[in-house]
Each structure stands twice: as C-alpha cells, then as structure tokens.
Amino acid sequence: MAGAVRVPRGQARFACGALAAFALVTVAAGLAAWHKYQLLAGPLAPGPYVDNPLVEVDTYFRNLMGWRTGLLLAALFQFSIWLANMRDLADVLWRQGQRRHRAWLVFGWVIPLGQLFIPKMFVNDLWAASRPESQRRRGHPLLTAWWLSVLVAANAYNDAPEALKEADTASQARHALRQIMLNDGLDICAAALSIVVVWQLMRRLERATLTARAPVEVCPAGQSRPEVGAHDARHESAGTRERRPSHPGV
C-alpha cells in the first residue's frame, strides 16, 4: 500500500525554490532600504527629479517590495501544495494520527486564531508519522524554532511600510526604514528555516515509506520461525540417508 504513494520531491524543490527566491528578493529590498536610509542621513541632493539619487533608490525599493510580496504569496502557495502531498504519505503511514481535515491546509493560513497553531499541527503530525511506530511523538526543537520564527516574522513591524509612506520628515522615514530592515532579517531567517524543515521532513517521510515497503515475514500464531542451521542440518541428514548405498543381507 505504501508503494502506491510517490514521494513529492519535485514539489519540495518548487517550494524551496519559491522560498529561496523570496529570501533573495528580501535581501535586495533590505539593501535598497539601507541605501535609502544612508541618503536620508545627509542633506538632500538638489537637482532635477530624474537625477535625484533618493528618487532612484526609492523606485528600486518600491519595486523590490512589490516583488517581495508576490513571491511571499507564491511561497505560501507552493508550501501548502507540498504539505498536501506530504499528507498523502502520512495517511498511508499513520492515518489515525492526522488530526485535521485537509481543508484546514487552506483555512489554517487565513483564519485569525487558526494562523497561530493549525499549520504547526499539520507539520507536527507529519513529523510524528515519519517516526517508527514505537517512537511516534509530535514536535521537535527544529519545528518549534521554525514556527516561532514564522510567527515573529509575520507579526513584527507590520506597520512599518505604512509608516514610511506617511513619514513627513527624514527622521520619521529613517525610523520606519530601520523597522523594515529588521523585519527583512526576520523574514530571511524564517524562509531559511522553512527550507530546512521541508527537506528534513521529506527525507524522514521518504525513509519511513521505504521501510514500510520492505517485506516482512509473518509466522503463523503459536509457531516460531525455524532456525536456519537446524533446517539445513535436517536437510543434510535426509540427503545423506538417500545417498547411503544399501547392502542386502546386512
């Protein structure tokens, strides 16, 4: 039964690729924010609008922030598809241990209170399914660190971009940019840990699936498996008796 389920390596690569692209664009946006932060520290350069370095870096910064938002949505979409595919493996290995319906893979990201624990419950159940039956336990320090980083990155400095738009002075803009750069660092850490969780969980479930495919010899109830040496000895004795020449009259 386990052999009918395919390990979603391709989907894991898509999810990790989207997360990596999000992290790289976030790094670029952070560098643009740092450049803008440095320009705002000095006197504003006079000159035409098209030659103003502050306007130029602000254009790059806004474009990168737009790409960052789009890649974040793409990464969440790919991660959810990967979770659904991994759920197929977990249902084969330990169906009764999966506590949430598949619909929560979508609603768990958008319901306000559910965002805090439902996605983590899915990953905990998958992790437990990858363990041997006698050692199944939900949770791991890696999963805890990953989920805490996701929650902090998603909720820290959320109002910084809006504060930057409404800034009236260079000091207010620099304060908002500091918060944006801190949030970028948190997002990069969360994306990196998400990639680690994807590959670790995929390898563990793949290993558990291969173990489940291995043939197991089952002996009838009340009978023990015969020892190989004793069986060979009995076979050898029977063969010796068959080959022994008969002597009439003896």
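See above for the structure.
In short, a report on the structure. (Residues numbered from 1 in each chain as written. Predicted model: local features only at pLDDT ≥ 70, side-chain atom pairs only at ≥ 80, totals over all residues. Heavy atoms only, no water.)

With that out of the way, let us pick up helix α4 (residues 118-129). For α4, spanning 12 residues, the distance from its first C-alpha to its last is 17 Å, which sits close to the expected 16 Å at 1.5 Å a residue. Most of α4 is tucked away, with 12 of its 12 residues classed as buried. Taken residue by residue, α4 has Ile118, Pro119, Lys120, Met121, Phe122, Val123, Asn124, Asp125, Leu126, Trp127, Ala128 and Ala129 as its buried positions. (Helix = DSSP H or I, 4+ residues; strand = E, 2+ residues; numbered from the N terminus. Expected span 1.5 Å × (residues − 1). Buried < 20%, exposed > 50% of the residue type's maximum accessible area, 1.4 Å probe, protein only.)

Here we take up the nonpolar core. As a rule of thumb, soluble globular proteins bury nonpolar side chains together. With 31 residues, the main nonpolar core has Trp82 and Leu205 as its most contacted residues. Elements with a minimum of two residues in this core: α1 (9-41), α2 (53-94), α4, α5 (141-155) and α7 (170-213). If you look at the next biggest cluster of nonpolar residues, it comprises 15 residues, including Leu40, Val57, Leu177 and Ile180. (Core = buried A, V, L, I, M, F, W, Y, C linked by side-chain atoms within 4.5 Å.)

Assignment of secondary structure puts Arg204 in helix α7. The buried charged residue Arg204 lacks any salt bridge partner; its closest oppositely charged side chain belongs to Glu206, at an N-O distance of 12 Å. Ignoring sequence-local partners within four residues, the contact set of Arg204 consists of Trp127, Ser130 and Arg131. (Lys, Arg positive; Asp, Glu negative; His and termini not counted. Salt bridge = Lys/Arg side-chain N within 4 Å of Asp/Glu carboxyl O. Contact = heavy atoms within 4.5 Å.)

Another aspect to go through is the packing of α4 against α5. In helix packing, the relevant descriptors are the interaxial angle and the interaxial distance, both defined with respect to the helix axes. Direction vectors running N to C along α4 and α5 enclose 160°, while the axes themselves pass 11 Å from each other. Here α5 runs roughly antiparallel to α4, going by the angle between their axes. As α4 packs across α5, the resulting crossing turns out to be right-handed. Residues Pro119, Lys120, Val123, Asn124 and Trp127 of α4 lie in contact with α5, whose contacting residues are Leu142, Leu143, Thr144, Trp146 and Trp147. Taken together, the residues of the contact of α4 with α5 break down into 7 nonpolar, 2 polar and 1 charged. (Axes fitted to C-alpha atoms, helices over the stretch in contact; angles between N-to-C directions. Parallel < 35°, antiparallel > 145°, perpendicular 65-115°, else oblique. Left-handed = near helix turned anticlockwise from the far one by under 90°. Nonpolar A, V, L, I, M, F, W, Y, C, P; charged D, E, K, R; others polar.)

Scanning all chains against the criterion turns up 5 salt bridges. Salt-bridge contacts for Asp58 lead to Arg62; the nearest nitrogen and oxygen are separated by 2.8 Å. Of the two residues, Asp58 and Arg62 are both situated in helix α2; the distance of 4 residues between them amounts to about one turn of the helix. Given a relative accessible area of 16%, Asp58 falls into the buried group. Exposure remark for Arg62: the relative accessible area of 45% places this residue in the partly exposed category. The shortest N-O distance in the salt bridge between Asp187 and Arg68 comes to 2.0 Å. Separated by 119 residues along the polypeptide, Asp187 in helix α7 and Arg68 in helix α2 bring together distant segments of the chain. Exposure remark for Asp187: the relative accessible area of 9% places this residue in the buried category. Linked through salt bridges whose partners overlap, the residues forming this network are Lys36, Asp58 and Arg62.

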